[in-house]
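Summary of structural features
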Amino acid sequence: MAGEITTDFDQVVEKITRNYISDEVFVTKDNRRLPGRSSIIILIKRLRSLMFPGYFEEKNFEYQDARYFVGNTLNSIRRELRQQVETALLYTNDSHTREQVAEKSDAIAKHFIGKLAEIQSLLLKDVQAGFDGDPAAKSRQEIISSYPGVFAIFVYRMAHELYLQQVPFIPRIMSEYAHSRTGIDINPGAVIGEYFFIDHGTGVVIGETTKIGDNVKLYQGVTLGALSTRKGQLLADVKRHPTIENNVTIYSGATILGGETVIGANSIIGGNTFITESVPAYTKVSLKAPEMVFQVDTPKDDGQVWMWDWVI
């Protein structure tokens, strides 16, 4: 046995308390704390309401009240974001005063607010890409209200802006919330162009240093990953995920690995392919179809069975 299990209450208390003290992962500095996950989720919902008003509330959105709605919602977002950013920065800060951290947090919140109209324009293009690329879609409204890919992209675009501002914790909390909701894992560090769509979505992974151009479409189960992460933290800030150029479609189950791997513009990557080398522009990549064997049992008049085989 790895160790005897004690039933002594005081000993259990002592051992757990000792773990708290011995490993800094448990101990906050000067009573600092991490950003609140529940607060970040509320922030995501407010941002979604701002980007797509009337879709996710149980009340009608009236356009004559739009200016009041936008102003009020922006103030709420800025206030909550500033508080959470300050909490995150204080946790990781060792050299700045609380006043300096508060000033930086306010600047980050203002910058983020200033980017929201631009992000909304990008999201509308993503929605249009979803509608244009899916014959099953009945309207853009259906895309916004129902498609998990759009939700994951929406959260990514918000988290990416905070990632660019080097905000700790919050971008990853946001992206992992979207991951838990959709099965789509987009690291906030990835760089993704406009008119982007993920169809179906479950199992998609997009790594931190991935670069994706404009008008790219992914299907379920696609992985844009690293060749190896054995070196762990030594690979931080190293380009280890692929680059996908403009107008590329990647079908379900495809795996594309490596920081030097480039998928050229206007290429089509077939399902279940495994790629670790660059692909030139205007290339179609597919697997050779496996051999399938069909067997049909046909009864004879005497009750016996003829068995017919053919191969495709």
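Now for a quick tour of the structure. Everything numeric in this text was worked out from a predicted model, so none of it was measured. (Residues numbered from 1 in each chain as written. Predicted model: local features only at pLDDT ≥ 70, side-chain atom pairs only at ≥ 80, totals over all residues. Heavy atoms only, no water.)

**Looking at the sheet that holds strand 13 (residues 274-275)**
If you walk across this open sheet you meet the five strands as 1-4-7-10-13, and the pairing is parallel. Edge strands, defined here as strands with exactly one partner in the open sheet, are strand 1 (185-186) and strand 13. Across three bridges, the pairing between strand 7 (residues 223-225) and strand 10 (residues 255-257) is parallel. Of the residues in strand 10, the one forming a bridge with glycine 225 is leucine 257. (Pairing = 2+ DSSP bridges. Helix = DSSP H or I, 4+ residues; strand = E, 2+ residues; numbered from the N terminus.)

**Points about helix 4 (residues 98-133)**
Taking 1.5 Å per residue, 36 residues should reach 52 Å; helix 4 reaches 49 Å between its end C-alpha atoms and fits that length. At leucine 116, helix 4 shows its strongest bend, of approximately 40 degrees. (Expected span 1.5 Å × (residues − 1). Bend = angle between axes of the 7 residues up to and from the residue.)

**Comments concerning the sheet that holds strand 6 (residues 217-218)**
Pairing is parallel in the open sheet, where five strands are placed in the order 3-6-9-12-14. Taken across any chain shown, the strands that pair with only one partner, and hence form the sheet edges, are strand 3 (197-198) and strand 14 (284-285). Alignment of strand 3 against strand 6, held across two bridges, turns out to be parallel. Of the residues in strand 6, the one forming a bridge with phenylalanine 197 is lysine 217.

**Digging into the packing of aromatic side chains**
Across all of its chains, the model carries seven aromatic pairs by this definition. With a centroid separation of 6.1 Å and 45 degrees between ring planes, the pair formed by phenylalanine 151 and phenylalanine 154 is classed as tilted. Taken together, the residues phenylalanine 151 and phenylalanine 154, both in helix 6 (residues 148-164) and three residues apart, mark about one turn of the helix. With relative accessibility at 9%, the residue phenylalanine 151 sits in the buried group. With 6.2 Å between their ring centres and 75 degrees between their planes, phenylalanine 151 and tyrosine 177 make a pair best called edge-to-face. (Phe/Tyr/Trp six-rings, centres within 6.5 Å; stacked < 30°, edge-to-face > 60°. Buried < 20%, exposed > 50% of the residue type's maximum accessible area, 1.4 Å probe, protein only.)

**Considering the side chain of glutamine 84**
Structurally, glutamine 84 is set in helix 3 (residues 66-92). Discounting chain neighbours no more than four positions away, the residues touching glutamine 84 are Pro35, Gly36, Ser39, Ile40 and Ile170. (Contact = heavy atoms within 4.5 Å.)

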